[in-house]
Amino acid sequence: MQLSPHSLRKWRDRLAAGEVTIDWRAHLHPSARPPVSTSARNSQPERRLTAAEIGDPAAAKTPARRFFSDKERLAISRQTELPGAKVSAVARKHGIVTGLLFRWRAQFGIAQGKRSKPARIVLPDDMPVARALRDLGRPPEAMLAVELHDARPVFAPADSDPDAVRAQSESGDAAQ
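Residues numbered from 1 in each chain as written. Predicted model: local features only at pLDDT ≥ 70, side-chain atom pairs only at ≥ 80, totals over all residues. Heavy atoms only, no water.

## Looking at the overall build of the protein
When its secondary structure is counted, the protein shows six helices and two strands. For the protein, the succession of helices and strands along the chain, N to C, is α-α-α-α-α-β-β-α. Going through the 176 residues of the protein one by one, you find that 15% of them count as buried. Put simply, of all contacts in the protein between residues at least 6 apart along the chain, 35% involve residues at least 24 apart. Carbon and sulfur atoms make up 54% of the accessible area of the protein, which totals about 14,500 Å². (Helix = DSSP H or I, 4+ residues; strand = E, 2+ residues; numbered from the N terminus. Buried < 20%, exposed > 50% of the residue type's maximum accessible area, 1.4 Å probe, protein only. Contact = heavy atoms within 4.5 Å. Areas by Shrake-Rupley, 256 points an atom, 1.4 Å probe, with all protein chains shown as cover.)

Set out below in structure tokens:
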């Protein structure tokens, strides 16, 4: 907790001498305590540093950490596979954080879904569908679409001569 040895000795001596009537260790700032809950709710009661005395049964206790067996984890993880089920809704239902549920799903090999693999489709140039697909590409602003002799479209500045563009692209100087 990055406390200095001097401070630790000072408080040890105070506790040994009985000068302190409250157990200050139970009232550390929440940022100094390690997180121990898997709950999605972070609403712990506000604590006052001088509220309770040592051993006071009315003092608020920190919630106990919950542990799930592997069977319970698997059952909760499988609920996310049901049609229309969302991970966040299942996590809320069981009072756990979504990140924990994603870790359990990875642990049990429950994937979000099968990833699709795109297939390459090759169409002959003389098919009307191939021409229609080529026509879907619109020229950018201030550009002109010039169709080459092999029916490929080429984009050139709007003030260009289409015959000059075709001649230049066939000579191989189009990249310059």
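Following the structure, the description resumes.
## Quick look at the environment of Ala156
Note on placement: Ala156 falls in strand β2 (residues 153-157). Ala156 sits in the buried class, given a relative accessible area of 4%. Between the alpha carbons of Ala156 and Ala145 there is a distance of 6.5 Å; along the sequence they are eleven residues apart.

## What to know about helix α3 (residues 87-94)
Because the α-helix completes a turn every 3.6 residues, residues three or four places apart line up on one side. Within the sequence span of α3, burial applies to Val87, Val90 and Ala91. Projected down its long axis, α3 shows its buried positions confined to an angular sector of 100 degrees, all on one face. Those residues of α3 that are exposed and angled more than 90 degrees off the buried face are Arg92 and Lys93. Packing partners of the buried residues in α3 comprise α2 (70-79) and α4 (98-107). (Arc of directions from axis to C-beta.)

## Notes on the pairing of β2
Examined bridge by bridge, strand β1 (residues 143-147) and β2 share five bridges and lie antiparallel to one another. Its bridge partner lying in β2, Ala145 is registered against Phe155. Connecting β1 to the antiparallel partner β2 that follows it, the hairpin turn spans five residues, and Ala151 within it adopts a positive phi of roughly 75 degrees. (Pairing = 2+ DSSP bridges.)

## What about the packing of α2 against α4?
Viewed as axis vectors pointing N to C, α2 and α4 meet at an angle of 100 degrees, and their least axial separation amounts to 9 Å. Overall, the two elements α2 and α4 adopt an arrangement that is roughly perpendicular. Here Asp70, Arg73, Ile76 and Ser77 of α2 lie close against α4, whose contacting residues are Leu101, Trp104, Arg105 and Gln107. Across the contact of α2 with α4, the residue classes break down as three nonpolar, two polar and three charged. (Axes fitted to C-alpha atoms, helices over the stretch in contact; angles between N-to-C directions. Parallel < 35°, antiparallel > 145°, perpendicular 65-115°, else oblique. Nonpolar A, V, L, I, M, F, W, Y, C, P; charged D, E, K, R; others polar.)

## Remarks on the nonpolar core
In this structure, Phe68, Ile76, Val87, Val90, Ala91, Ile96, Leu100, Leu101 and Trp104 together form the largest nonpolar core, which totals nine residues. When residues of this core are traced back to their parent elements, those giving at least two are α3 and α4. Sequence-distant contacts of Trp104, that is, excluding residues within four places in its chain, are made with Phe68, Arg73, Ile76, Ser77 and Ile96. (Core = buried A, V, L, I, M, F, W, Y, C linked by side-chain atoms within 4.5 Å.)

## What to know about helix α1 (residues 5-17)
Given a rise of 1.5 Å per residue, 13 residues ought to cover 18 Å, and the 18 Å separating the end C-alpha atoms of α1 matches this to within 8%. In the stretch just after α1, Gly18 is the one whose phi turns positive, near 80 degrees. (Expected span 1.5 Å × (residues − 1).)

## A short note on the pattern of salt bridges
Two side chains of opposite charge can pair, provided their charged atoms sit close to one another. One pass over the full model with this rule turns up three salt bridges. A salt bridge links Asp13 to Arg12; the shortest N-O distance between them is 3.6 Å. (Salt bridge = Lys/Arg side-chain N within 4 Å of Asp/Glu carboxyl O.)

## Details of the packing of aromatic side chains
Under the defined criterion, the tally for this structure stands at one aromatic pair. It is Arg14 that lies over the ring of Trp11; its NZ or CZ is 4.8 Å from the centre. (Phe/Tyr/Trp six-rings, centres within 6.5 Å; stacked < 30°, edge-to-face > 60°. Lys NZ or Arg CZ within 6 Å of the ring centre and 35° of its normal.)

## Points about the packing of α3 against α4
As a packed pair, α3 and α4 sit with axes 9 Å apart at the nearest point and diverge in direction by 110 degrees. Between α3 and α4, the interaxial angle falls into the category roughly perpendicular. In this structure, α3 meets α4 at a crossing whose hand is right-handed. The segment α3 lies against α4, with Val87, Ser88, Val90 and Ala91 engaging Thr98, Leu101, Phe102 and Arg105. (Left-handed = near helix turned anticlockwise from the far one by under 90°.)

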